[in-house]
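So you can see what is in the structure, the chains are spelled out below.
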Amino acid sequence: MDDKRVRVLIGENHAVYREGVVRALPAYVDTVADVADGAQALTAIRELRPDVAVLDYRMPRLDGHQVARAVRREELPTRVLILSAKDDSALVYGALQDGVSGYLTKD
């Protein structure tokens, strides 16, 4: 078994929810950053190169889809998971087309 810890960035504009996600992550995950908007998320992804970015679908400045498209366009190594209150199939399909690795609902 590989002992490498997974490096994760959390992008969520609701501070209480963001803190809850950070606290819920297992012990083998290192949260390298938690940010409140998509522009901050993209900057942190470029600088920190986390393994995974868990991003809210709707964030100020850039939404999760826009960040995912930028990550894919720039060929950054980070895998993007979208976190959303909505489970609309069109949103999920669009996110997958944008290059996300997964789509999680908040409930």
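Source: prediction; values computed, not measured. (Residues numbered from 1 in each chain as written. Predicted model: local features only at pLDDT ≥ 70, side-chain atom pairs only at ≥ 80, totals over all residues. Heavy atoms only, no water.)

Enquirer: If you had to explain the pattern of salt bridges to someone new, which residues and values would you point to?
Expert: Pairing between side chains of opposite charge can happen when their charged atoms approach one another. Scanning the model with the defined rule gives nine salt bridges in all. We note a salt bridge from D37 to R61, for which the minimum N-O separation is 3.3 Å. Placement of D37 in the loop between β2 (29-35) and α2 (38-48) and of R61 in the loop between β3 (52-56) and α3 (64-73) is noted, with a sequence separation of 24 residues between them. K106 is paired through a salt bridge with D56; the nearest N and O atoms lie 3.5 Å apart. (Salt bridge = Lys/Arg side-chain N within 4 Å of Asp/Glu carboxyl O. Helix = DSSP H or I, 4+ residues; strand = E, 2+ residues; numbered from the N terminus.)

Enquirer: Residues and numbers for the UniProt feature "modified residue: 4-aspartylphosphate" (unreviewed entry) in the protein, please.
Expert: Under the feature "modified residue: 4-aspartylphosphate" (unreviewed entry), the UniProt entry names D56. Beyond its immediate chain neighbours, meaning those up to four positions away, D56 contacts G11, E12, N13, G64, L83, S84 and K106. (UniProt positions renumbered as here; feature names shortened; annotations may be inferred. Contact = heavy atoms within 4.5 Å.)

Enquirer: Hey, could you go over the UniProt feature "domain: Response regulatory" (unreviewed entry) in the protein for me, with residue numbers and the actual values?
Expert: Under the UniProt annotation, the feature "domain: Response regulatory" (unreviewed entry) is placed at residues 7-107. Secondary structure over residues 7-107 splits into 40% helix and 27% strand, and the C-alpha atoms at its two ends are 24 Å apart.

Enquirer: Would you mind going over the environment of V22 in detail, with residue names and values included?
Expert: Among the secondary structure elements, V22 is positioned in helix α1 (residues 15-24). Among the residues examined, V22 registers a relative accessible area of 25% and is labelled partly exposed. Separated by 48 residues in sequence, V22 and A70 place their C-alpha atoms 24 Å apart. When residues no more than four places from it in sequence are discounted, the contact partners of V22 are I10, T31 and D34. (Buried < 20%, exposed > 50% of the residue type's maximum accessible area, 1.4 Å probe, protein only.)

Enquirer: Now, about the sheet that holds strand β1 (residues 6-11): what can you tell me, with residues and values included?
Expert: Here we have five strands laid out as an open sheet, ordered β2-β1-β3-β4-β5, and parallel in their pairing. If you trace the sheet from one side to the other, it starts and ends with β2 and β5 (102-105), each paired once. In this sheet, neighbouring strand axes are inclined to one another by 20° on average, regardless of whether the strands run parallel or antiparallel. Strand contacts of α1: β1, β2 and β4 (79-84), with the helix running at about 170° to β2, the strand carrying the most contacts. (Pairing = 2+ DSSP bridges. Axes fitted to C-alpha atoms, helices over the stretch in contact; angles between N-to-C directions.)

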